[in-house]
Amino acid sequence: MLEELKKAVYEANMLLPKYGLVTFTWGNVSQIDRETGYFAIKPSGVDYDKLTPEDMVLMDLDGNKIEGKYNPSSDTPTHLELYKAFPNIGGIVHTHSPWATSWAQAGRGIPCYGTTHADYMYGEIPCVRCLTKEEIDGAYEKNTGLLIAEYFKENDYEAVPAVLCKNHGPFTWGRDGHEAVHNAVVLEEVAKMAARCETINPQVKPAPQELQDKHYYRKHGADAYYGQK
Ligand SMILES: O=C(CO)[C@@H](O)[C@H](O)COP(=O)(O)O
């Protein structure tokens, strides 16, 4: 079932090691078929070099496994909550990419220091709070998804398709898995540049708003990143 979807998700997952975003079996990509409401996601704990398209696990938005010989990624409940909360999201990535995860562990959002950032993400890339003891002791991954969804109910997830979860790591999204991976690569590069920028000049300030606006809206214009505004 949904073989094309599983193939696309397999190919998107294989980009994570290709771009140096993951070590061992860390990280995962999913993509949803909005007609069926099913999404395909990387199986939990399977080495990337052993993965095949058939290994992708099909899930529904109630958290039921529809098809797949493996367990779905442990982060599946987070992906699920984001798909439920935001209809324009078609693909989601979670990694522990080192530079973005370092900002997440430090509990800081990534300011926009330059046009590389502004070309893809409008303003600061946020870091949401660490989960509470109750949230951690409960459904950790589901609560991570609910926390991200809560933040972006008040903030534009189309303008900033990325978030850092404090003491954990980054999540990115897009219209499909490949675009979510693209945003994960951009996030890691921007995180690296920003960290180095602050080392070179600890007094550095964000780029002027007019420069940020020029670059973001030149690429995204009045049309939203996901369609007509
Ligand atoms: O965030 C985590 C663990 O902290 C996960 O993303 C693992 O890094 C990958 O788990 P699986 O997808 O293999 O279950």
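Residues numbered from 1 in each chain as written. Predicted model: local features only at pLDDT ≥ 70, side-chain atom pairs only at ≥ 80, totals over all residues. Heavy atoms only, no water.

Novice: Which residues make up the sheet that holds strand β4 (residues 65-67), and what values do they have?
Specialist: Taken together, the 8 strands give an open sheet; going across it, the order is β4-β3-β2-β1-β5-β8-β7-β6, and neighbouring strands pair in mixed fashion. The open sheet is flanked by β4 and β6 (127-128), the only strands paired with a single partner. The sheet contact formed by strand β1 (residues 28-33) and strand β5 (residues 91-94) spans 4 bridges and is antiparallel. Among the inter-strand pairings, Ser-30 is bridged to a residue of β5, identified as Ile-92. Seen against the sheet, helix α2 (residues 76-85) touches β1, β2 (38-41), β3 (57-59), β5 and β8 (170-174) and runs at an angle of roughly 35° to β1. Relative to β8, helix α7 (residues 177-200) is tilted by about 135°, and along the sheet it contacts β1, β5, β7 (162-165) and β8. (Pairing = 2+ DSSP bridges. Helix = DSSP H or I, 4+ residues; strand = E, 2+ residues; numbered from the N terminus. Contact = heavy atoms within 4.5 Å. Axes fitted to C-alpha atoms, helices over the stretch in contact; angles between N-to-C directions.)

Novice: Explain the pattern of salt bridges residue by residue, including any values.
Specialist: Between side chains of opposite charge, pairing is possible as soon as their charged atoms come close. Following the criterion strictly, the structure yields 13 salt bridges and no others. With a shortest N-O distance of 2.7 Å, Lys-7 and Glu-11 are connected by a salt bridge. In this pair, Lys-7 and Glu-11 are both assigned in helix α1 (residues 3-18), 4 residues apart and thus about one turn of the helix distant. What makes Glu-11 partly exposed here is its relative accessible area of 33%. Here Lys-142 and Glu-81 are joined by a salt bridge, their closest N and O atoms 3.1 Å apart. (Salt bridge = Lys/Arg side-chain N within 4 Å of Asp/Glu carboxyl O. Buried < 20%, exposed > 50% of the residue type's maximum accessible area, 1.4 Å probe, protein only.)

Novice: An account of the nonpolar core is needed here, citing residue identities and associated values.
Specialist: Grouped together as the largest cluster of nonpolar side chains are 22 residues, with contacts concentrated most on Ile-148 and Trp-173. Looking at this core, the elements with two or more residues in it are β2, β3, α2, α6 (140-153), β7 and β8. Top contributing element to this core by residue count: α6, with 4 residues. The next biggest cluster of nonpolar side chains, apart from the first, holds 18 residues, and it includes Leu-16, Leu-21, Leu-58 and Ala-180. (Core = buried A, V, L, I, M, F, W, Y, C linked by side-chain atoms within 4.5 Å.)

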